[in-house]
Amino acid sequence: MKTKLEELLQNGPVVISLGVREFAESLQDQGVEVVHVDWSPPAGGDAEMAELLDKLL
Amino acid sequence: MAKDIKTRIETANAEAFRRMVAADPVLVDVAPAGDVIPGLTDKMVLHSGPPVDWQRMSGAQKGAVIGMLLFEGWARSKEEAIKLLEDGAITLEPNHHHQTVGPMAGTITRSMWVFVVENKAFGNRAYCRQVEGRQQFGDSSQEALQDLIRWHDTWAPALRAGLRQMGGLSLKPIIARALQMGDELHNRPHAASSLFANAMAVPMIEAGIPKEALISTLRYLAGHQLFFLGLSMAAAKATADPARGIEYSTVVTAMARNGTEFGIQVSGLEGEWFTALAPPVKGLFLPGYGEQDAGLDIGDSAITETVGWGGFVLGGAPGILSFVGGTPEEALSYSRDMRQITVSTSPEFLIPALGFEGTAVGIDVRKVVQTNIPPIIDTAMAHKNPGHPIIGAGLVRPPLDCFKRALIRFAEKYGLK
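How each quantity is defined
Residues numbered from 1 in each chain as written. Chains lettered and ligands numbered in written order. Predicted model: local features only at pLDDT ≥ 70, side-chain atom pairs only at ≥ 80, totals over all residues. Heavy atoms only, no water. 1 Å grid on protein atoms, 1.4 Å probe; cavity = no way out; pocket = protein on both sides within 12 Å on 5 of 7 lines; lining within 4 Å. Points joined across faces, edges and corners; volume = space filled by probe spheres on them. Helix = DSSP H or I, 4+ residues; strand = E, 2+ residues; numbered from the N terminus. Nonpolar A, V, L, I, M, F, W, Y, C, P; charged D, E, K, R; others polar. Contact = heavy atoms within 4.5 Å. Buried area = accessible area lost by both parts, 1.4 Å probe. Salt bridge = Lys/Arg side-chain N within 4 Å of Asp/Glu carboxyl O. Polar contact = N/O pair within 3.5 Å; in protein donor to acceptor, adjacent residues only side chain to side chain. Domains from an automatic or database assignment.

Asks: Sorry if this is basic, but what is going on with empty space enclosed by the protein here?
Replies: Rolled over the atoms, a probe sized like a water molecule indicates the empty space that remains. Residue and element names in this part refer to chain B. Scanning the entire structure with this criterion turns up one cavity of 30 Å³ or more. The calculated volume of the largest cavity comes to roughly 120 Å³. Taken together, 13 residues make up the lining of the largest cavity; nearest its centre are M20, V21, K172, T239 and F349. Every element with two or more residues in the lining of the largest cavity is listed here: α1 (2-22) and β13 (342-351). It is β13 that provides the largest number of residues to the lining of the largest cavity, a total of four residues. Of the residues belonging to the lining of the largest cavity, the class tally is nine nonpolar, two polar and two charged.

Spelled out as structure tokens, the structure:
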């Protein structure tokens with residue numbers, strides 16, 4: 001029975017790419033299967049806004 | 001406490017959304033501004049955007065204000081007009097403080113005829129001037145003023161006679177049809193302009209308008225593809241105003257620019273402006289003009305985006321891309337993005353290219369800040385200096401700082417800071 005690692009090395013990875021779309025596109029160009037998820041940090045990383053939004057949204 | 005305020009906000013925003021989609025804008029008159037706009041007094045010029053004084057006004061807006069002083073006969077030359085403005089003899093106030101909106105520099109004085117749109121669902125009225133390609137961009141030449149004079153002397157009175165003959169014109173059916181004909185009702189209101197001309201032609205003939213004025217007005221309507229923008233702006237203002245002043249609502253009720261600052265207003269923070277430096281517009285220039293000539297973002301016309309038209313429905317109006325730039329795929333993604341920052345979608349204004357889904361309505365300040373996605377606006381471009389007609393068109397986003405400032409103020413007002 002193959003280990004998970006052996007399976008991964010033999011079949012190639014399926015990648016989940018979070019955030020910057022160019023990372024996913026670059027892998028797709030190389031024939032890698034990619035699932036892209038649009039994501040960015042809440043409030044663009046603005047800590048004060050993120051804290052406020054916790055209370056309001 | 002925190003949970004309670006979230007519920008209150010959701011309830012308030014649902015009410016703001018309900019009022020916006022329930023709007024029933026009807027063109028009831030075309031009239032001299034001084035007869036109908038509340039608080040518009042003698043020697044007063046209304047302008048687009050948040051409040052701004054003469055010294056801080058953008059070049060295009062200064063040029064347009066000078067044009068209005070010449071149009072009214074308050075000054076006989078540009079120099080005399082500038083002297084009156086520097087001496088403080090002319091009052092300058094935002095259109096939005098008078099239930100009014102205006103394209104680009106947005107200048108309105110008492111003798112300028114305006115559209116009167118009544119929202120029959122709530123009984124409020126809103127006003128907007130006509131759209132043209134010169135004076136509203138800051139050109140105060142005799143040629144530019146000729147268009148205002150023809151509007152005043154011939155075209156506006158003819159439209160008033162036609163409207164009185166027909167007893168008013170409901171705008172909602174025209175808007176709904178135009179959105180399905182490739183319009184976005186901001187820089188591409190071509191279908192709506194044609195539908196309006198169709199609706200007005202027979203009543204104007206029936207009204208017995210003298211032949212010369214009738215032909216001139218019909219020719220004006222038939223040849224003016226952007227005509228309906230003045231009506232979509234008035235309809236949008238009449239739609240947004242009932243959503244003002246709902247306690248706890250974080251829904252945006254106005255987005256407006258004066259070429260110096262971009263400002264937004266928020267339902268639960270009635271009467272306040274949240275401003276930041278107006279951004280540059282990215283787009284395409286008319287021959288003879290380039291980036292070095294462009295002024296910053298200007299005009300009240302973003303009231304169309306405020307109620308979910310304009311840039312929000314670019315996906316359904318790919319024809320406009322030859323004017324503002326971009327690809328059909330980008331246009332579709334802009335429209336989809338707008339759903340992330342709004343309360344819900346319109347049950348009546350449907351976009352075929354988006355699978356007949358409704359337009360995104362009710363910009364929520366919280367969602368804009370959370371997602372870091374500012375609203376998308378398509379717009380014309382004015383020169384940075386006075387004295388020029390339209391120089392191009394493109395796309396622009398409001399500064400996020402407007403929304404962040406509103407959120408901070410909201411937290412203060414409602415006891416969270």
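Asks: Explanation requested: the interface of chain A and chain B in the structure shown.
Replies: By a widespread convention, an interface's size corresponds to the accessible area lost as its parts come together. With 14 residues of chain A at the interface, the matching set in chain B holds 16 residues. Together, the buried faces of chain A and chain B total about 1,400 Å²; carbon and sulfur atoms form 67% of this surface. When the area that chain A buries against chain B is broken down by residue, the three leading residues are K55(A), L56(A) and L57(A), summing to 44%. Where chain A packs against chain B, one counts one salt bridge. In this structure, K404(B) and D46(A) form a salt bridge, with 3.1 Å as the shortest nitrogen-oxygen distance. Seen at the junction of chain A and chain B, the total is four residue pairs in polar contact (both at pLDDT 80 or more). Per-class residue counts for the side of chain A that touches chain B are eight nonpolar, two polar and four charged.

Asks: Explanation requested: the domain arrangement of chain B in the structure shown.
Replies: All names here are of chain B. Splitting chain B by domain gives domain 1 (24-234) and domain 2 (242-413). Counting from both sides, the interface comprises 43 residues of domain 1 and, opposite them, 53 residues of domain 2. Of the roughly 3,600 Å² buried where domain 1 meets domain 2, counting both sides, 64% is carbon and sulfur surface. Seen at the junction of domain 1 and domain 2, the total is two salt bridges. Here R56 ties to E261 by a salt bridge, and the two come within 3.7 Å at their closest N and O atoms. Counting the contacts that link domain 1 with domain 2 gives 21 residue pairs in polar contact (both at pLDDT 80 or more).

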